[in-house]
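Residues per chain, in single letters:
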Amino acid sequence: MSEAVPQQVKRVRTRFFGTAKQQGTRITALTSYDALTAQIFDEAGIDFLLVGDSAGNVVFGHGTTVPVTLDELLPLSRAVAGAVRRAMVVADLPFGSYEVSPEQAVGSAVRLMKEGAAHAVKLEGGVRSAASIRRIVDAGVPVMGHVGYTPQSEHALGGHVVQGRGAAAEQLLADALAVQEAGAFAVVLEMVPAGIAREVSESLAIPTIGIGAGAGTDGQILVWQDFAGLTTGRVPRFVKAYADLRGTLTEAATAYADDVRTGAFPAEEHSFGDPARD
């Protein structure tokens with residue numbers, strides 16, 4: 001009897017985002033920085049995975065995303081890309097890898113595609129980054145924009161401050177439109193009042209991916225350690241924890257340590273016998 005032929009998996013590509021926007025299909029996204037979580041999220045049907053510079057906080061232990069380098073993100077991107085079958089892999093251009101010039105931005109984006117095996121790149125900034133976005137797109141690299149609160153500019157913004165309130169809403173819309181006109185296929189809206197985010201989403205032809213931007217965007221993204229309940233300390237208001245992974249791992253590690261100290265692990269079933277003596 002012949003084995004069943006596995007069903008062909010349809011890869012998420014940039015055209016998926018435009019179709020989803022037109023059809024009103026909500027886009028799902030999580031961050032990922034390693035092969036195992038990438039495989040799990042891919043199998044769960046998450047549409048795209050972001051290899052974010054948030055690795056600075058949750059992987060490397062920095063207080064901000066600023067110290068992360070392109071060389072540090074390349075192996076993370078390659079690990080995620082190698083583990084997925086359906087999800088699109090978007091990799092961040094970290095601080096310092098694209099601000100100098102559009103030429104620098106293109107070079108960094110090409111490295112993420114060639115060495116990091118990413119399917120697309122993301123960079124922060126609206127009007128100020130439009131020229132770089134345009135050059136990257138012209139070079140054949142898909143770009144996702146990021147406006148509103150931009151973590152790489154945390155020090156300039158004065159901390160974790162909601163963006164787009166009051167008169168600043170006009171600039172937020174201008175930034176989002178600049179990203180669209182430069183050729184981006186989607187744009188992240190971070191820490192933006194829900195009503196403003198909805199207005200921006202309705203004004204754009206490309207989809208918006210919200211994080212702390214309410215329910216009116218075309219999709220949602222969360223840092224996976226936040227959504228899984230692994231993060232400790234201050235957790236952003238917009239996060240919903242779907243598990244208590246920190247509690248589960250703490251319980252498991254405590255049980256393991258107890259078993260080792262009492263000699264309960266390894267037991268006979270966890271040990272190899274000697275064939276010459278058995």
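These numbers come from a predicted model, not from an experiment.

Rules of the game
- Residues numbered from 1 in each chain as written.
- Predicted model: local features only at pLDDT ≥ 70, side-chain atom pairs only at ≥ 80, totals over all residues.
- Heavy atoms only, no water.
- Helix = DSSP H or I, 4+ residues; strand = E, 2+ residues; numbered from the N terminus.
- Buried < 20%, exposed > 50% of the residue type's maximum accessible area, 1.4 Å probe, protein only.
- Contact = heavy atoms within 4.5 Å.
- Areas by Shrake-Rupley, 256 points an atom, 1.4 Å probe, with all protein chains shown as cover.
- Lys, Arg positive; Asp, Glu negative; His and termini not counted.
- Charge placed at Lys NZ, Arg CZ, Asp CG, Glu CD.
- UniProt positions renumbered as here; feature names shortened; annotations may be inferred.
- Polar contact = N/O pair within 3.5 Å; in protein donor to acceptor, adjacent residues only side chain to side chain.
- Core = buried A, V, L, I, M, F, W, Y, C linked by side-chain atoms within 4.5 Å.
- 1 Å grid on protein atoms, 1.4 Å probe; cavity = no way out; pocket = protein on both sides within 12 Å on 5 of 7 lines; lining within 4 Å.
- Points joined across faces, edges and corners; volume = space filled by probe spheres on them.

Participant: Looking at this model, I keep getting lost on the overall build of the chain. Mind explaining?
Facilitator: Within the chain one finds 11 helices and 8 strands. Projected onto its principal axes, the C-alpha positions of the chain cover 80 × 50 × 35 Å. Counting every position in the chain, which comprises 278 residues, the buried fraction comes to 45%. Of the contacts formed within the chain by residues at least 6 apart in sequence, a portion of 59% connects residues at least 24 apart. Here the chain displays about 14,500 Å² of accessible surface, and carbon together with sulfur accounts for 54% of that area. In the chain, the 23 positive side-chain charges and the 31 negative ones have mean positions that sit 6 Å from each other.

Participant: Is there a simple way to explain the UniProt feature "binding site: Mg(2+)" (unreviewed entry) in the chain in this structure?
Facilitator: In the numbering used here, UniProt assigns the feature "binding site: Mg(2+)" (unreviewed entry) to D53, D92 and E124. In summary, the annotated positions, though distributed over 72 residues, converge in three dimensions, the widest C-alpha pair being only 11.0 Å. Tracing the backbone through its elements, the reader meets D53 in the loop between β2 (48-51) and α3 (55-58). The exposure class assigned to D53 is buried, which follows from its relative accessible area of 4%. Once residues within four sequence positions are removed from consideration, D53 is found in contact with T65, V68, L73, D92, P94, E124 and Q152. Residue D92 is classed as buried on the basis of its relative accessible area, which comes to 3%. Discounting chain neighbours no more than four positions away, the residues touching D92 are L50, V51, G52, D53, L73, L112 and K122. Of the polar contacts made by the side chain of D92, one reaches the backbone nitrogen of D53; its length is 2.8 Å.

Participant: Please clarify how the nonpolar core should be interpreted in this entry.
Facilitator: Among soluble globular proteins, nonpolar side chains are generally buried collectively. Membership of the largest hydrophobic core comes to 57 residues, with the highest contact counts inside it found for L49, V121 and I136. Ranked by the residues each element gives to this core, the list is headed by helix α4 (residues 70-81), at 6 residues. When sequence neighbours within four positions are dropped, the list of residues in contact with L49 reads L30, S32, A38, F41, V80, V84, A87, M88, V89 and V90. In terms of nonpolar packing, the next biggest core, distinct from the first, is built from 17 residues, F48, M88, M144 and I211 among them.

Participant: Would you mind going over the layout of surface pockets with me for this structure?
Facilitator: Empty space among the atoms becomes visible once a probe the size of a water molecule is rolled across them. As a volume, the second largest pocket reaches approximately 340 Å³. Around the second largest pocket sit 21 residues that line it, and A29, Q220, I221, L222 and Y242 are the ones nearest its centre. For the lining of the second largest pocket, the elements supplying multiple residues, two or more each, are β1 (27-31), β7 (208-211) and β8 (219-222).

Participant: Got a minute to help me understand the environment of T65 in this structure?
Facilitator: The residue T65 is located in the loop between α3 and α4 in this model. Separated by 43 residues in the primary sequence, T65 and S108 place their C-alpha atoms 17 Å from one another. The contact partners of T65, leaving out residues within four places of it in the chain, are D53, S54, N57, P151 and Q152.

Participant: Hey, could you run me through the UniProt feature "binding site: 3-methyl-2-oxobutanoate" (unreviewed entry) in the chain in this one?
Facilitator: When the UniProt feature table is mapped onto this chain, "binding site: 3-methyl-2-oxobutanoate" (unreviewed entry) is found at D53, S54, D92 and K122. Despite a sequence span of 70 residues, these residues sit close together in the fold, their greatest C-alpha distance being 12.4 Å. Among the secondary structure elements, S54 is positioned in the loop between β2 and α3. Here S54 falls in the buried class, since its relative accessible area comes to 15%. Discounting residues that sit within four places of it in the chain, S54 has contacts with T31, Y33, T65 and V223. A polar contact is formed between the side chain of S54 and the side chain of Y33, at a distance of 2.6 Å. Along the chain, K122 falls in strand β4 (residues 120-122).

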